[in-house]
Amino acid sequence: MPNVHGIDFSDKQAELVKDLIRELLKDGGCAVYALRNMKPSGELRMAQSPPTPGPRTAHGVFLRIRPGVKEATIVRPMNAKAGEKFTPVAKLTQAQTLETIRTWRKQTAPR
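Residues numbered from 1 in each chain as written. Predicted model: local features only at pLDDT ≥ 70, side-chain atom pairs only at ≥ 80, totals over all residues. Heavy atoms only, no water.

**Digging into the packing of helix H1 (residues 11-27) against helix H2 (residues 94-107)**
Relative placement of two packed helices is described by the angle separating their axes and the distance separating the axes. Applied cut-off: Here an angle of 0 to 180 degrees is reported between the N-to-C directions of two axes, which are lines fitted to C-alpha atoms, with helices fitted over the stretch in contact. Runs of H or I in DSSP of at least four residues are treated as helices and runs of E of at least two as strands, each being numbered from the N terminus. In these notes the angle categories are as follows: under 35 degrees is roughly parallel, over 145 is roughly antiparallel, 65 to 115 is roughly perpendicular, and the rest is oblique. In a left-handed crossing the near helix is turned counterclockwise from the far helix by less than a right angle, and in a right-handed crossing that turn is clockwise. Should any heavy atoms of two residues lie within 4.5 Å, those residues are considered in contact.
At a closest axis distance of 11 Å, the pairing of H1 and H2 adopts a crossing angle of 45°. Overall, the two elements H1 and H2 adopt an arrangement that is oblique. Seen from above, H1 lies across H2 with right-handed handedness. Counted together, Asp 19, Leu 20, Glu 23, Leu 24 and Asp 27 of H1 and Gln 94, Thr 97, Leu 98, Ile 101, Arg 102 and Arg 105 of H2 form the full contact between these two elements.

**Observations regarding the pattern of salt bridges**
Here is the rule: Between Lys or Arg on one side and Asp or Glu on the other, a salt bridge is scored when a side-chain nitrogen of the former is within 4 Å of a carboxyl oxygen of the latter. Relative accessibility decides the category of a residue: with a 1.4 Å probe and only protein chains considered, values under 20% of the type maximum give buried, values over 50% give exposed, and everything between is partly exposed.
What the rule picks out here adds up to 7 salt bridges. Put simply, Glu 43 and Arg 45 hold a salt bridge, and the shortest N to O gap is 2.6 Å. An identical accessibility class is assigned to Glu 43 and Arg 45; each is buried. One salt-bridge network, in which partners are shared between bridges, spans Glu 43, Arg 45, Arg 64 and Arg 66.

**Considerations on the sheet that holds strand S5 (residues 61-66)**
Basically, it comes down to this: For two strands to pair, DSSP has to find at least two bridges joining them.
An order of S3-S4-S5-S6-S7 is seen for the 5 strands of this open sheet, with the pairing classed as antiparallel. Each edge of the sheet is formed by a strand with only one pairing partner; in this case those strands are strand S3 (31-35) and strand S7 (86-88). Looking at each pair of strands side by side, their axes are set apart by 25° on average, direction ignored. Across 3 bridges, strand S6 (residues 73-75) lies against S7 in antiparallel orientation. Bridge pairing in S7 places Thr 73 opposite Pro 88.

**Details of the nonpolar core**
The tendency in soluble globular proteins is for nonpolar side chains to be buried side by side. Selection criterion: Note on terminology: a nonpolar core comprises buried Ala, Val, Leu, Ile, Met, Phe, Trp, Tyr and Cys residues joined through side-chain atoms within 4.5 Å.
Counting residues in hydrophobic clusters, the biggest one holds 24 residues, and the most contacted among them are Phe 9, Leu 44 and Ile 65. Elements with a contribution of two residues or more to this core: H1, S3, strand S4 (43-47), S5 and H2. The residues contacting Leu 44, other than those within four sequence positions of it, are Val 4, His 5, Ile 7, Phe 9, Val 17, Ile 21, Val 32, Tyr 33, Ala 34, Leu 63, Arg 64 and Ile 65.

**A look at the side chain of Arg 64**
Note the threshold: Nitrogen and oxygen atoms within 3.5 Å of one another constitute a polar contact, given that in protein one can donate a hydrogen and the other can accept it, and given that sequence-neighbouring residues count only through two side-chain atoms.
Note that Arg 64 resides in strand S5. Judged by its relative accessible area of 15%, Arg 64 falls in the buried class. Within polar-contact distance, the side chain of Arg 64 engages the side chain of Glu 43 at 3.2 Å. Residues in contact with Arg 64, not counting those within four places in the same chain, are Glu 43, Leu 44, Arg 45, Thr 73, Ile 74, Val 75 and Arg 76.

So this is what it looks like as structure tokens:
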């Protein structure tokens with residue numbers, strides 16, 4: 001199983017997730033990090049800034065991706081209003097997914 005920033009995805013999922021993250025990193029001003037202790041198999045997050053050590057807080061997280069059996073799943077941030085709560089990562093809808101994630105980024109920006 002390929003490893004994407006510390007989280008194991010299946011072969012097909014890993015390529016789609018890498019492409020998605022690459023596109024978002026081109027926008028700049030964001031960081032990617034993994035939460036390995038999330039059950040069952042971890043979670044990959046993108047935020048406006050890297051997590052700070054100390055109290056468990058997640059400021060500015062605009063993307064959460066969880067590996068799945070058949071497909072990786074994007075989970076909508078709690079304070080974002082656009083899009084579905086759970087979105088599968090698929091090549092056919094990648095442009096639309098990127099647009100939605102960029103909207104989430106604006107909606108979840110820290111004050």
